[in-house]
Amino acid sequence: MDRARAQGAGLRVNDETLPVIVSVCQRLDGLPLAIELAAARLRSLSLNGLHDRLDQRFRLLTGGSRTALPRQQTLRATVDWSYSLLNGAEQSLLRRLSVFVETFDLDAAEAVCGFGDIAVFDVAELLGALVDKSLVVAEPAGGTLRYRLLETIREFAAERLAEAGQDEPAAVAAAHGRHYLSVAEAAASHLKGSDQGNWYARLDADHANVRRAAWYAVKIPGGTEQVLRFAVALDRYWIARIRDRMAWPCSRRCSSGPRPGRTRHCSARP
């Protein structure tokens, strides 16, 4: 709000605008420069118009102060400057990490990114360097660490991966698919019994990446077998999670919860 006022934008906080303001800041990863550039856009865009165009953030967030250093005048220039400070192996790893959705663990990073010019043994050290440079976020999760890219960094890294030529993007996507298929098939035999809770929790943590891997298999020639293997391995997991969603009140604060012994079908769900 302070940055919007400084730009002369007539933005008010109320029940309608507050969720959109929060979403804009979240999608920009709380990056101060990105928020400042977004606030400047409110001179010519509505708040909803700004929010709806954030998928094109690098084209949208330009026009910083003319007195600022060139790298601080656009979001792309700022991220590109940070990227240019990395060595070749760090740049390569950052590009490949863009294949992940949400969070991932070290085993996944090693399996997906450790090929070609990056040895599997070197992934941990390179990943640590990217964490130290604030390009990757490390978060504690049940006694271990999970990693994620800020969305702005992920989008930039994905662009760099696409520019690397057809071989590298395809190799990274294929390695991503193989790894998460192995995760799904390893979990399949443990989804009933005393240890099922741990395996359900693992699949929950990796669910977005499993879905991405399965969707990639749908689109590639000869991917039918891989799709079917995902379906067989995750059949019990997906059924259980669908039942969980149907059995509890949804986020719309339904007036009544599930009746004992039966599920409640909420009209708010598809």
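Everything that follows concerns the structure shown earlier in this document.
Being a predicted model, the structure only gives us computed values, none of them experimental.

### A closer look at the overall build of the chain
- In terms of regular secondary structure, the chain is built from 13 helices and 2 strands.
- For the chain, the exposed area adds up to about 15,500 Å²; of that, 52% sits on carbon and sulfur atoms.

### Comments concerning the packing of aromatic side chains
- Evaluated as defined, the whole model comprises 5 aromatic pairs.
- When the centroid spacing of 4.3 Å and the interplanar angle of 20° are considered together, the rings of Phe100 and Phe104 count as stacked. A single burial state applies to Phe100 and to Phe104, both of which are buried.
- Just above the ring of Phe115 sits the side chain of Arg96; from NZ or CZ to the centre is 4.0 Å.

### Considering the pairing of strand β2 (residues 144-148)
- One ladder, built from 5 bridges, connects strand β1 (residues 137-141) with β2; its direction is antiparallel. Residue pairing in the sheet places Ala138 in a bridge with Tyr147 of β2.
- Between β1 and β2, which follow one another and run antiparallel, lie 2 residues, and Gly142 among them has a positive phi close to 60°.

### What to know about the packing of helix α8 (residues 106-113) against helix α9 (residues 123-132)
- With their axes 10 Å apart at the nearest point, α8 and α9 run at an angle of 115° to one another. Considering their axes alone, α8 and α9 lie roughly perpendicular with respect to each other. Crossing of α8 against α9: the hand is right-handed. Seen from α8, the contacting residues are Leu106, Ala109 and Glu110; seen from α9, they are Val123, Ala124 and Leu127.
- Of the residues in the contact of α8 with α9, the class split is 5 nonpolar, no polar and 1 charged.

### Some remarks on the pattern of salt bridges
- A full pass over the atoms with the stated rule returns 13 salt bridges.
- The closest approach of N and O atoms between Glu151 and Arg154, which form a salt bridge, is 3.1 Å. Placement of the pair is Glu151 and Arg154 together in helix α10 (residues 151-163), with a separation of 3 residues, close to one helical turn.
- Residues participating in the shared-partner salt-bridge network are Arg95, Arg96, Asp117 and Glu168.

### Here we look at α9
- Among all positions in α9, only Val123, Leu126, Leu127, Ala129 and Leu130 are buried. The buried residues of α9 occupy one face: seen down the axis, they fall within an arc of 155°. Across from the buried face of α9, at angles greater than 90 degrees, the exposed residues are Glu125 and Asp132.
- Check the buried side of α9 and you find it contacts α7 (88-97), α8 and β2.
- Positioned one or two residues after α9, Ser134 has a phi angle of 65°, which is positive.

### Quick word on the environment of Lys133
- Inspection of the secondary structure puts Lys133 in the loop between α9 and β1.
- Put simply, Lys133 and Leu86 are 47 residues apart on the chain and 9.1 Å apart in space, counted from C-alpha to C-alpha.
- Sequence-distant contacts of Lys133, that is, excluding residues within four places in its chain, are made with Leu86 and Glu90.

### Structural notes on a nonpolar patch on the surface
- A surface patch of nonpolar side chains, amounting to about 310 Å² of accessible area, comprises Met1, Val13, Leu18 and Val22.
- Mapped onto the fold, Leu18 is located in helix α2 (residues 18-27).
- By relative accessible area, which is 43% here, Leu18 ends up partly exposed.

Definitions and limits used
Residues numbered from 1 in each chain as written. Predicted model: local features only at pLDDT ≥ 70, side-chain atom pairs only at ≥ 80, totals over all residues. Heavy atoms only, no water. Helix = DSSP H or I, 4+ residues; strand = E, 2+ residues; numbered from the N terminus. Areas by Shrake-Rupley, 256 points an atom, 1.4 Å probe, with all protein chains shown as cover. Phe/Tyr/Trp six-rings, centres within 6.5 Å; stacked < 30°, edge-to-face > 60°. Buried < 20%, exposed > 50% of the residue type's maximum accessible area, 1.4 Å probe, protein only. Lys NZ or Arg CZ within 6 Å of the ring centre and 35° of its normal. Pairing = 2+ DSSP bridges. Axes fitted to C-alpha atoms, helices over the stretch in contact; angles between N-to-C directions. Parallel < 35°, antiparallel > 145°, perpendicular 65-115°, else oblique. Left-handed = near helix turned anticlockwise from the far one by under 90°. Contact = heavy atoms within 4.5 Å. Nonpolar A, V, L, I, M, F, W, Y, C, P; charged D, E, K, R; others polar. Salt bridge = Lys/Arg side-chain N within 4 Å of Asp/Glu carboxyl O. Arc of directions from axis to C-beta. Patch = residues over 30% accessible without salt bridge, like charges linked within 9 Å, V, L, I, M, F, W, Y side chains within 5 Å.

Keep in mind these values describe shape, not function.
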